[in-house]
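Examination of the molecular architecture
Residue-level listing of the chains:
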Amino acid sequence: MDEDLPGMNVEILHHFFQGGEKDGNSLHQKDVSNILADALRTILYQTLSPQLTPRKADCTYLDNASFWKDALSNKHFPGANIVLEDFHLMEWLPFSPGRYFTHEAMFQRERAVRAISMDRNEYLPEGKSSMVRGGIGAIRLAEKNIDGNIIYFLGASSTGIAHQGIPIALPLEEYRKVMPTIKEYGGCRVKLVGYLQTMIEKLPSLHYDTNVPRYCLFIEEVAFKKASMPDELLTTVATMFTAKKQTYGDTEKSWTFCSFNPSSSKHNAKTAAEWLLDYAIRYSQDEPTILTDFDEHCHLFPCRVEFPISDIVSGKVDWQTLRVYKQRLGLTYIIEEYINIGTYIKENIKVEGD
């Protein structure tokens, strides 16, 4: 089913999948707001906790598209017992889970894919055809101590494309079954049995995709099948950076993305980050400022990152910078609820500035 939908799998149409806004064009403020909101939502992974072992499957899925079609149609419910058959399991999970399968995202990818700069091997969409709304991008999270349990967050994708997948939570004993293979091959094919849990959704999307539910699948059993083949996997990372032409300062952003094979030692997250930074330098007025990164395991950008994922998840954001975005982009409600969630998970919010 994955291949039957319009706008699906544009990532594999060419031997490259990288690019950004043409000439570093400034994005609409709603796009910056939504990317920052999705970054702040990363703290929601701290609100999950293991429940009882599921018994009988309510739904079995063979592909990403079927899972997200049901999710977007409100057919899922918290506690539903889910089986994922023959999915790739990877370290990378979608930055905006489910957005890829919305009609708006498919439409944007279809338009953006027509704009290709062959001399640089880059997609360079302009304005309304921006791929920033296409659900592109993945993140890698560190383990979390939740209610005294160590939980590991991975991504399951039937296509092997990380941002099309489903967020997965694994307890230590199941995590140890798969990680040696994932580290060596980038991923492995598995059968997953678990139950859905809703993240406490207090950070709404401001302008679009308000109907995308925030689900994570807690895994009770992993049935290992085999290692993933190198050509079966693709991870795409994306970031916003200070746009070249600015009227209102650093809150005006452009966007870029780059793919790599998670099984490759040469083309990995580090090399992708280097390409992203090079793109940002090309289209920034000065040294670029990155809005947020994508890897909690390591810091990949040598320049300033305003909201690192590691800071967001631990509740240690730079309040002074966030305050600027609140004033310029109208993020008051999201910021207040971000702090409320930080209080909910009993983390001390370390405020810097006024």
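Residues numbered from 1 in each chain as written. Predicted model: local features only at pLDDT ≥ 70, side-chain atom pairs only at ≥ 80, totals over all residues. Heavy atoms only, no water.

**Overview of unusual backbone geometry**
For residues besides glycine, phi is generally negative; the peptide bonds are generally trans as well. Quick reminder of the rule: Strands are runs of DSSP state E lasting at least 2 residues, helices are runs of H or I lasting at least 4, and numbering of each runs from the N terminus. Under the scheme applied here, a residue whose accessible area is under 20% of the maximum for its type counts as buried, over 50% as exposed, and between as partly exposed, the area being computed with a 1.4 Å probe on protein chains only.
Phi is positive for asparagine 74, which is not a glycine, with a value near 60°. The phi angle at aspartate 86 is positive, at roughly 60°, despite the residue not being glycine. As for its position among the elements, aspartate 86 is in strand β3 (residues 81-90). For aspartate 86, a relative accessible area of 31% corresponds to the partly exposed category.

**Topic: empty space enclosed by the protein**
Vacant regions in the atomic arrangement are exposed by a probe of water-molecule size rolled over the atoms. As a reminder of what qualifies: The distinction between a cavity and a pocket rests on a 1 Å grid over the protein atoms alone: a 1.4 Å probe fits inside a cavity but cannot get out, while a pocket stays open yet meets protein on both sides within 12 Å along at least five of seven lines, and a residue with an atom within 4 Å of a point counts as lining. Grid points are joined across faces, edges and corners, and a volume is the space filled by probe spheres set on the points.
In the structure shown here, the tally under the stated rule is one cavity of 30 Å³ or more. Its boundaries defined by the atoms lining it, the largest cavity holds a volume of some 140 Å³. Sorting the residues of the lining of the largest cavity by element identifies α1 (29-40), β7 (138-139) and β13 (235-242) as the ones contributing at least two each. The leading source of residues in the lining of the largest cavity is β13, at three residues.

**A look at the side chain of threonine 236**
The following threshold applies: Polar contacts, as used here, are pairs of N or O atoms within 3.5 Å; protein pairs need one atom able to donate a hydrogen and one able to accept it. Residues neighboring in sequence count only if both atoms are side-chain atoms. A contact between two residues is defined here by any heavy atoms of the two lying within 4.5 Å.
Along the chain, threonine 236 turns up in strand β13. Take threonine 236: its relative accessible area is 0%, and that puts it in the buried class. In terms of polar contacts, threonine 236 uses its side chain to reach the side chain of serine 259, at 2.5 Å. Those residues within four positions of threonine 236 in sequence are excluded, and the remaining contacts are Phe17, Ile136, Gly137, Ala138, His163, Phe257, Cys258 and Ser259.

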